[in-house]
Amino acid sequence: MSSGAAIRVHHPSWGWVPVRVLLVTFLLTLLSFAVSLFGAIVTMFFGAVVSGSRPNMPIAYRHVALPFAASMAVVVLIVASVVEVRRFRQAKALAAIERAG
């Protein structure tokens, strides 16, 4: 590399942090809803087969999957926020070191 070549330094942008946090939160909430709904449907189906009654599937949506997904959304929002803020601060510090060096 010649001495006249410019080195491009990445400048982290604060604007992308909330976008990534909300995207990860949405995707993981959707995934947790799907998994918990599947588990609730399977459990209710086998419970109805064992007891000899008909399964009441709206219970799987209202009382199992939706509350579980809502609680997971809160947890994922907090964890994703912490992770992305740490990632942003680390990228900012590395960019400052790179500019100084």
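Structure: see above.
Residues numbered from 1 in each chain as written. Predicted model: local features only at pLDDT ≥ 70, side-chain atom pairs only at ≥ 80, totals over all residues. Heavy atoms only, no water.

**Q** I tried to follow the environment of S51 on my own but got confused; where do I start?
**A** Residue placement: S51 occurs in helix α1 (residues 16-51). For the pair S51 and A70, spaced 19 residues apart in sequence, the C-alpha separation works out to 30 Å. Of the polar contacts made by the side chain of S51, one reaches the side chain of S53; its length is 3.0 Å. (Helix = DSSP H or I, 4+ residues; strand = E, 2+ residues; numbered from the N terminus. Polar contact = N/O pair within 3.5 Å; in protein donor to acceptor, adjacent residues only side chain to side chain.)

**Q** How should I be thinking about the nonpolar core in this particular structure?
**A** A general feature of soluble globular proteins is that nonpolar side chains tend to end up buried together. By size, the foremost hydrophobic cluster in this structure holds 5 residues: L37, A40, M44, A60 and A65. Of all the secondary-structure elements, those providing two or more residues to this core are α1 and α2 (58-100). (Core = buried A, V, L, I, M, F, W, Y, C linked by side-chain atoms within 4.5 Å. Buried < 20%, exposed > 50% of the residue type's maximum accessible area, 1.4 Å probe, protein only.)

**Q** Looking at this structure, I do not really get the packing of α1 against α2. What am I missing?
**A** It is at 7 Å that the axes of α1 and α2 come closest, and there the two elements cross at 150°. On the basis of the axis angle, α1 is roughly antiparallel to α2. The two elements α1 and α2 cross, and the hand of that crossing is right-handed. Broken down by class, the residue content of the contact of α1 with α2 amounts to 23 nonpolar, 5 polar and 3 charged. (Axes fitted to C-alpha atoms, helices over the stretch in contact; angles between N-to-C directions. Parallel < 35°, antiparallel > 145°, perpendicular 65-115°, else oblique. Left-handed = near helix turned anticlockwise from the far one by under 90°. Nonpolar A, V, L, I, M, F, W, Y, C, P; charged D, E, K, R; others polar.)

As far as function goes, none of this settles anything; it's purely spatial.
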